[in-house]
Amino acid sequence: MNDLLKLVTVDQQKQLLALLINGPDFVSLSSAEGNVTYINQSGRRLLGIESIASTYKHNSAYVMPHEIERLQNGITTTLINEGRWIGQIELCHSTTGEPIPVHATTMLIYDERTNAAVGRATIARDLRQEQKALTQQQKLMTLISHSKDLMSLLTLEGKNEYINDSGKKLLGIEDQQDVEAIHISNFHTPDQIAFVENEVLPSVMKTGEWSGHFAIKHFKTGEIIPLENNCIRIDDPYTGKPTAIGAVMRDLRPEISARAAILEREEKFRTLITQAPVAIGLLEGEDLMIAASNTQMLQLWGKKEAIIGMPLLKAIPELKGQPFIELLGEVKKSHKNYYGNEVLAKLNRNGKQEDAYFNFVYAATGDDQIIVVATEVTLQVLNKRALVESEQRFKNLVLDAPIATALYRGKDLIIEIANPAMIGLWGKDSSVLGQSLITALPELEGQPFIPRLQEIFETGVTYHSEKEMAQLVVDGQLQRFWFNYTYKPLFDTKGDVYGILNMAVDVSSLVQMQQARDDFFSLASHELKTPLTTLKGYHQLLQEKLGFSDDSTEKKMLDKIGLQIDKLTQLIIEMLDVSHIQVGKMPYYASPFDLRKLTGSIVEDMQQIYPTHEIQFTSPRPIIITADQDKIAQVMTNLLDNAIKYSPQTTNVIVDIVSDDQYVTVTVRDFGIGIANENREKIFEQFYRVNHSNEKTYPGLGVGLYISSEIVKRAQGRIWVEPAEGGGSTFYVRLPLHINPF
Ligand code: ADP
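Attention in this report is confined to the structure presented alongside it. (Residues numbered from 1 in each chain as written. Predicted model: local features only at pLDDT ≥ 70, side-chain atom pairs only at ≥ 80, totals over all residues. Heavy atoms only, no water.)

### Regarding the site of the ligand
Where we set the bar: By convention in these notes, a residue is near a molecule or strand provided one of its non-hydrogen atoms lies within 4 Å of it. Within 3.5 Å is the distance limit for a polar contact, defined as a pair of N or O atoms, with the added protein rule that one can donate a hydrogen and the other accept it, and that residues adjacent in sequence qualify only through two side-chain atoms. Surface exposure here means Shrake-Rupley accessible area, sampled with a 1.4 Å probe, where a residue is shielded only by the protein chains that are shown. Under the DSSP-based scheme used, a helix requires at least four consecutive residues in state H or I and a strand at least two consecutive residues in state E, with every element numbered from the N terminus. Amino acid classes used here: Ala, Val, Leu, Ile, Met, Phe, Trp, Tyr, Cys and Pro are nonpolar; Asp, Glu, Lys and Arg are charged; the rest, including Gly, are polar.
Lining the immediate surroundings of the ligand are 22 residues, of which N642, Y646, D670, R689 and L705 lie closest. Here an oxygen atom of the ligand and a side-chain polar atom of Y646 are 2.8 Å apart. When the ligand sits alone it has 530 Å² of accessible area, and the protein chains cover 98% of it. Elements supplying a minimum of two residues to the shell around the ligand: α19 (629-645), α20 (704-714) and β27 (729-736). Within the shell around the ligand, the residues separate by chemical class into 11 nonpolar, eight polar and three charged.

### Section: unusual backbone geometry
Threshold: For the exposure calls, accessible area comes from a 1.4 Å probe over protein chains only, and a residue counts as buried if that area is under 20% of its type's maximum, exposed if over 50%, partly exposed in between.
Despite not being glycine, H335 shows a phi value in the positive range, around 60°. Following the sequence through the fold, H335 ends up in the loop between α11 (324-334) and β13 (338-349). Owing to a relative accessible area of 47%, H335 belongs among the partly exposed residues under this scheme. Even without a glycine there, the phi angle at N350 is positive, about 45°. By the element assignment, N350 lies in the loop between β13 and β14 (352-364). Classification of N350 by relative accessible area gives exposed; the value is 59%.

### Concerning the pattern of salt bridges
This is how the line gets drawn: In what follows, salt bridge is the name for a side-chain nitrogen of Lys or Arg lying within 4 Å of a carboxyl oxygen of Asp or Glu.
As enumerated under the stated definition, the model contains 27 salt bridges in all. With a shortest N-O distance of 2.8 Å, R349 and E376 are connected by a salt bridge. In this pair, R349 sits in strand β13 while E376 sits in strand β15 (residues 369-376), placing the two residues 27 residues apart along the sequence. In this structure E376 comes out as partly exposed when scored by relative accessible area, which is 30%. With its nearest N and O atoms 2.9 Å apart, the salt bridge here joins R452 to E468. Of this pair, R452 sits in helix α15 (residues 449-459) while E468 sits in strand β18 (residues 463-474); the two residues are 16 residues apart in sequence, bridging distant segments of the chain. Exposure class is identical for R452 and E468. Each is buried. A network of salt bridges, in which partner residues are shared, links E228, R250, E255 and R259.

### With respect to the packing of helix α16 (residues 508-546) against helix α17 (residues 553-582)
Applicable threshold: Every axis corresponds to a line fitted to the C-alpha atoms, with the helix fit spanning only the stretch in contact, and the corresponding angles, defined between N-to-C directions, vary from 0 to 180 degrees. An angle below 35 degrees is read as roughly parallel, one above 145 as roughly antiparallel, one from 65 to 115 as roughly perpendicular, and any other as oblique. Should the near helix be turned counterclockwise from the far one by less than a right angle, the crossing is left-handed, whereas a clockwise turn marks it as right-handed.
The geometry of α16 relative to α17 is characterised by a closest axis approach of 9 Å and an angle of 155° between their N-to-C directions. Comparing their axes, α17 and α16 come out roughly antiparallel. The element α16 and its partner α17 pack so that their crossing is left-handed. Classifying every residue of the contact of α16 with α17 by side-chain character gives 13 nonpolar, nine polar and eight charged.

### Digging into the packing of aromatic side chains
Heads up, the condition is: We call Phe, Tyr and Trp rings a pair once their centres come within 6.5 Å, taking the six-membered ring for Trp, and we label the pair stacked below 30 degrees between planes, edge-to-face above 60, and tilted otherwise. Definition used: whenever NZ (Lys) or CZ (Arg) falls within 6 Å of the ring centre and also within 35 degrees of the ring normal, the charge is taken to sit over that ring.
Applying the stated criterion across every chain yields a total of 16 aromatic pairs. Plain terms: the ring middles of Y338 and Y362 are 6.3 Å apart, the flat faces sit at 35° to each other, and that makes the pair tilted. Residue Y338 is located in strand β13, and its partner Y362 is located in strand β14; the two are separated by 24 residues in the primary sequence. The exposure class assigned to Y338 is partly exposed, which follows from its relative accessible area of 31%. By the ring-pair criterion, three or more aromatic residues cluster together here, those being F324, Y338, F360 and Y362. Of note, R734 hangs over the ring of Y663, and the distance from its end group to the ring centre comes to 4.0 Å.

### Remarks on the environment of G74
On the secondary structure map, G74 appears in helix α4 (residues 65-82). Residue classification places G74 among the partly exposed residues on the basis of a relative accessible area of 37%.

### What to know about α19
Selection rule: By definition here, a helix of n residues has an expected span of 1.5 Å times n minus one.
Here α19 spans 24 Å end to end across 17 residues, near enough to the 24 Å set by a 1.5 Å rise per residue. With 12 of 17 residues buried, α19 is to be regarded as a mostly interior element. Where α19 is concerned, the buried positions are K631, I632, A633, Q634, V635, M636, N638, L639, L640, N642, A643 and I644. Sitting at the head of α19, D628 places a side-chain oxygen 3.2 Å from the backbone nitrogen of D630.

### Quick notes on the packing of helix α18 (residues 595-609) against α19
Our working definition: Whether two residues are in contact is decided by their heavy atoms, any of which lying within 4.5 Å being enough.
Interhelical geometry of α18 versus α19 gives an angle of 45° and a closest axis separation of 10 Å. The angle between the axes of α18 and α19 places the two elements in the oblique class. For the crossing formed where α18 meets α19, the hand is right-handed. In this structure, α18 uses L595, L598, T599, I602, V603 and M606 to contact α19, whose residues at the interface are Q629, I632, A633, M636, T637, L640 and D641.

### Examining the sheet that holds strand β7 (residues 160-163)
Quick note on the threshold: A pair of strands is labelled paired if DSSP reports no fewer than 2 bridges between them.
Pairing within the open sheet is antiparallel, and its five strands lie in the order β7-β6-β10-β9-β8. Two strands bound the open sheet, and with one partner strand each, they are β7 and β8 (209-217). For this sheet, the mean inter-axis angle between neighbouring strands, taken without regard to orientation, is 25°. The strands touched by helix α7 (residues 190-207) within the sheet are β8, β9 (224-235) and β10 (242-251), with β8 carrying the most contacts at an inclination of about 160°.

### Quick word on the environment of I232
Within the element layout of this structure, I232 appears in strand β9. Its relative accessible area of 44% is what places I232 among the partly exposed residues. Along the chain, I232 and M205 lie 27 residues apart, while their C-alpha atoms are 8.5 Å from each other. Sequence-distant contacts of I232, defined by excluding residues within four places in its chain, comprise V204, G208, E209, A244, I245 and G246.

The structure is reproduced here in structure tokens:
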């Protein structure tokens, strides 16, 4: 500066000083030792110093603590030796202590006369803005060099100027390789170069940019790499003239392979659909185009493969007006699956209008597609309906039936159905429906019905009962009723009992009438027996008076009277027996006796009474059985009596006895009129007599065989009849040799 000062006038010097002092840079003056004597306004503003007075400090007070050492030694030494020091140093803000990097020039000021250093002058420039710009630039460079995309600068002559790290990697250039030395033809195929020259560069130069797909060639491997390229023209900010071309290129390979993967996935998905074992289809886009459908789905729709690729409504036009299209629209909008259960679809399948039912799901995928999975359940739905209808029909049938009917479901015997006749019979109202039988009819507790019903759930066997007494609360009173009823088990498809059908007929009045009749019979036969006994007594007296040898007409008449009295007595005994049986009071006293002997004596008696017939009887040995001898005698007499009575044209009757170690069987065979097959069971019923129309009528009440069968039952035996070969009938009475105690 000294040299400079010498060249200018004092005035000019003053002007120069004023320029320095009032300039934008920091200017300070200090003593030769470094004690600051002056800092200009810009300098004071930079350091935050308020007045000139407070500037009088040693220069070390103005630098950051870590700079003091350098200032006092290195810089001062340079200054003393060389007269000036130029460099960077960090000043310290006087109030905030903030470091202020500056570029400083310090010079020694010499006394012109003594040439001794008298002071120092410093000019410094604030570097903060520059440093900030530099940092930003560095950051930008870091960004560029670390960018995943290829970034490059090209001179207007088409030479590479800069390629970032990703770009180098992509192109196969080594880090240390000088990109400027590689011609761009190394990175392109000839036609790409032509493309660059004819299209890209003219466009960039003209419009300032170019974007599009592009390809480069790997420097080492020659692989062609597809890219997306954005080029811009870089203009000089001052002159506005183009200086370079910048390019940002993105490797398209990951994108292409991702797209290929998606395509592959879609293809796999389609294959999955076609090969799925359920009916499955894929609808795509606004018009629900059938993108895929397997054979099952086509069959379900009743359409041919040609519909694939068609919009749904075009492929299956009959869907118009049905809810499906709207549902699909909602699924697409909401992305919520829709589940259809037994939904009716009217389809035109293979040329036929059909009502079909489906279970299905509509599931929206993320790609504007809907997957449709469906199962046809038409048969099940129709079957279910038929079942419901048949159940309803059955219910109606039961409800309308004149016979009292109820259905109990489950072991709890819940009254599911009970028709008015049954409810009336119970003496209850319709509130019993849905209740368990025991809740509805608590009076059944202790009666046999509920255990019997429960047993049927185990056995599955139908139960019939006749004239069974039940006690029911009717009109608020526990009363006795008699029923004929059936418990019929109902089976489910597995063969288990799920319910019981109960049908009942109230036979109370019949039973009561029968009882009245039986009472009457019992009374009448008793009343008849007394005068008859008296008659028999007088008859015997008269016979004795006449003497046995008399064969006068009176004697013959008396014999006839005797015979009729015996017949009458027999009839009354039979009537009494029947009435005893009815009330369960038939007297029966079992004791051991010889059946052969008994049979023999009966045969003998009968032979005497009926000399018209010949009764054959052969029995090898005594047979001891335990039974009521009189009653068994009654059976034998009845059988012989019938055998003779119903053999008016023949005379032979054969009686036989066979036995093993358990049973003895007496057979009475005649050669008479025989018994028609349909009557073989019935003749053992009370009052049953075969109707012999046109022919002779045989006397009798029709109770002999009934009484016989009741007696045989009491003896734990069996009685039956079979047609005999050569005409007539054979009656069998089978009795156990030893009876089981009850
Ligand atoms: P009945 O007093 O009428 O003989 P039974 O009970 O003894 O009553 O017999 C019932 C019916 O069975 C008879 O009316 C008769 O029609 C038929 N019956 C019984 N025994 C014979 C027989 N040995 N041969 C043909 N019919 C017979």
